[in-house]
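Chain by chain, the residues:
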Amino acid sequence: MKLSPFDHLPTTRLIFGNGSLSQLGQLTKELGGKRALIVSDPGIMKAGYVEKAVSWFREVDVAAEVYGEVQENPSTDDVTRCVEVARAFRADILIGLGGGSSMDTAKGCNFILTNGGRMQDYWGTGKAKKDMLPLIAIPTTAGTGSECQSYALISDAETHVKMACGDPKAAAKVAILDPELTLSQPRRVTVCTGIDALSHAIETAVTSKRNSWSSLFSRESFLLLEKGFERVLHQADDLEARGMMLLGAAYAGMAIENSMLGAAHSCANPLTAKFNVVHGEAVGVMLPHIIRFNRQLPEIQAIYQTYFSGDLADRVSELLQAAEMPQKIRMYGVKESDLPELAAMASKQWTAQFNPRSLTPSDFVDLYRAAF
Ligand SMILES: [Fe+2]
């Protein structure tokens, strides 16, 4: 095993446990917050979690305001609207409560609020010069792992390009992982976010950027998700399994922070951009084929075997089947004549460079054809 050098400063305090949302007021006070802006989406508002959060603030005399309009795949427009509310309220702490979109919008808002300019100025890493407001991240899905990352994924409202804007200062000060908050997810959200998280565990395990630290989290994440996924499919209110999924997704997020992602994500993004395939489905449909491609390298096959004693690609297909997820891209309207264009787009994705086996555009065509 080769040991790559790394330099990792943990940025986020992790609190895990059923009912841990009740610590929100106290944690906010500890961070010096007196005026909290809760950033969330309409579904989470409806589920009553925002109201619950506000009630915890009331108990400790922290003033609260809500921006509850976050949309899926948030854009620069979402961030602008959130900033307006945060400015008017004079927020001194931000709470991202919801899925990856809510947490990312809160992070994006934090950049503009504290450092000025526009989102495009922070595309890349470490471009914020001034201090940022403390952020508490509270995921209600077990998916992106954004609560453990210093990056916000924000689309340019005009060009629709997804920008990864990251800075160590943007990472949440605290992430509250309360499995009870994930019980209300519709089944489809559980499925799509769960497969996305599983793909994060499997991709981070083998990228060219992986190191000993990220591998710890990739492995534990995989163990939790592989066992938890079928359980939450069979029984949506299995709270222990919900905890496994939530923790697994957060650990995968920690792994991404060091290890980045690989070719399954490179292939998925064009399917989302051109055919509106939901991210988790797009990654899932490609993942078994990426595993088969990567395991041609003996070193990578050896890693996969430490994760799963049988055939890992078949195991992923089995989970997709259990989730009733389409396993062919033609089921999403892709035509065979679309494959070269998809491949050209995939080879330009930034995650492609971290895949353990390098890929040519024709390798991408072969991968899409295998999934066709
Ligand atoms: Fe993903």
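Residues numbered from 1 in each chain as written. Predicted model: local features only at pLDDT ≥ 70, side-chain atom pairs only at ≥ 80, totals over all residues. Heavy atoms only, no water.

### Things to note about the overall build of the protein
Working step 1: Regarding its fold elements, the protein presents 14 helices and 9 strands.
Working step 2: The C-alpha atoms of the protein give a radius of gyration of 20 Å, which matches the 21 Å a tight globule of 372 residues would have.
Working step 3: When the backbone C-alpha atoms are referred to their principal axes, the protein occupies close to 60 × 45 × 40 Å.
Working step 4: A burial count over the protein gives 58% of its 372 residues as buried.
Working step 5: A fraction of 79% describes how many contacts in the protein between residues 6 or more apart in sequence connect residues 24 or more apart.
Working step 6: With the model as given, the accessible surface of the protein reaches about 15,700 Å², and the carbon-plus-sulfur share is 52%. (Helix = DSSP H or I, 4+ residues; strand = E, 2+ residues; numbered from the N terminus. Rg over C-alpha atoms; globule rule 2.2 N^0.38 Å. Buried < 20%, exposed > 50% of the residue type's maximum accessible area, 1.4 Å probe, protein only. Contact = heavy atoms within 4.5 Å. Areas by Shrake-Rupley, 256 points an atom, 1.4 Å probe, with all protein chains shown as cover.)

### What about the domain arrangement of the protein?
Working step 1: For the protein, the assigned domains are domain 1 (13–181) and domain 2 (185–370).
Working step 2: Inter-centroid distance (C-alpha atoms) of domain 1 to domain 2 is 26 Å.
Working step 3: Roughly 1,700 Å² is buried in total at the junction of domain 1 and domain 2, and carbon and sulfur atoms are behind 68% of that figure.
Working step 4: Applying the counting criterion to the domain 1 and domain 2 interface returns 1 residue pair in polar contact (both at pLDDT 80 or more).
Working step 5: Partitioned by chemical class, the residues of the side of domain 1 that touches domain 2 number 8 nonpolar, 8 polar and 3 charged. (Domains from an automatic or database assignment. Buried area = accessible area lost by both parts, 1.4 Å probe. Polar contact = N/O pair within 3.5 Å; in protein donor to acceptor, adjacent residues only side chain to side chain. Nonpolar A, V, L, I, M, F, W, Y, C, P; charged D, E, K, R; others polar.)

### Examining the sheet that holds strand E5 (residues 124–125)
Working step 1: Taken together, the 3 strands give an open sheet; going across it, the order is E5-E8-E7, and neighbouring strands pair in mixed fashion. The sheet is open, and its two borders are formed by E5 and strand E7 (151–155), each paired with just one other strand.
Working step 2: As judged from the 5 bridges shared by E7 and strand E8 (residues 162–166), these two strands associate in the antiparallel manner. Paired with Ala152 across the bridge in E8 is Cys165.
Working step 3: Sheet contacts for helix H5 (residues 100–115): E7 and E8; angle to E7, the most-contacted strand, approximately 95°. (Pairing = 2+ DSSP bridges. Axes fitted to C-alpha atoms, helices over the stretch in contact; angles between N-to-C directions.)

### Quick word on the packing of aromatic side chains
Working step 1: Summed over all chains, the structure comprises 5 aromatic pairs.
Working step 2: Look at Trp350 and Phe354: their rings are 5.6 Å apart centre to centre, the planes differ by 85°, and that puts the pair in the edge-to-face class.
Working step 3: In this structure Trp350 comes out as partly exposed when scored by relative accessible area, which is 42%.
Working step 4: Exposure remark for Phe354: the relative accessible area of 10% places this residue in the buried category.
Working step 5: By the ring-pair criterion, three or more aromatic residues cluster together here, those being Trp213, Phe217 and Tyr251.
Working step 6: Note that Arg35 overlies the ring of Phe89, its terminal NZ or CZ placed 4.4 Å from the centroid.
Working step 7: Seen from the ring of Phe372, Arg330 lies directly overhead, with NZ or CZ sitting 5.7 Å from the centre. (Phe/Tyr/Trp six-rings, centres within 6.5 Å; stacked < 30°, edge-to-face > 60°. Lys NZ or Arg CZ within 6 Å of the ring centre and 35° of its normal.)

### Considerations on the coordination of the iron ion
Working step 1: The coordination sphere of the iron ion contains the protein donors Asp196 (OD), His200 (NE2), His265 (NE2) and His279 (NE2), at a distance range of 2.1 to 2.2 Å.
Working step 2: The site at the iron ion holds 4 donor atoms, and with the angles between them running 84 to 168°, its shape is irregular.
Working step 3: Expressed as a motif, the donor residue spacing for the iron ion is D-x3-H-x64-H-x13-H. Highlighted residues: His200 in helix H6 (residues 187–204) and His279 in helix H10 (residues 279–294), separated in sequence by 79 residues.
Working step 4: Overall, His200 belongs to the buried group, its relative accessible area being 4%. (Donors = N, O, S within 2.8 Å, 3.2 Å for Na, K, Ca; no water. Tetrahedral: all angles 85-135°; square planar, octahedral: opposite > 155°, others 65-115°.)

### What about the pattern of salt bridges?
Working step 1: Going through the model one piece at a time under the given rule, you end up with 15 salt bridges.
Working step 2: A salt bridge links Glu281 to Arg188; the shortest N-O distance between them is 3.0 Å. With a gap of 93 residues between them, Glu281 in helix H10 and Arg188 in helix H6 connect regions that are remote in the sequence.
Working step 3: In this structure, the salt-bridge partner of Arg295 is Asp311, at a minimum N-O distance of 3.0 Å. Placement of Arg295 in the loop between H10 and helix H11 (298–307) and of Asp311 in the loop between H11 and helix H12 (312–322) is noted, with a sequence separation of 16 residues between them.
Working step 4: Its relative accessible area of 21% is what places Arg295 among the partly exposed residues.
Working step 5: Among the ionic contacts, a cluster of salt bridges with common partners joins Glu226, Glu230, Arg315 and Glu318. (Salt bridge = Lys/Arg side-chain N within 4 Å of Asp/Glu carboxyl O.)

### Let's talk about the side chain of Arg210
Working step 1: Position of Arg210 relative to the elements: it lies in the loop between H6 and helix H7 (212–234).
Working step 2: For Arg210, a relative accessible area of 12% gives the class buried.
Working step 3: Here Thr207 takes part through its backbone oxygen, which lies 3.0 Å from a polar atom of the side chain of Arg210.
Working step 4: In terms of polar contacts, Arg210 uses its side chain to reach the side chain of Glu299, at 3.1 Å.

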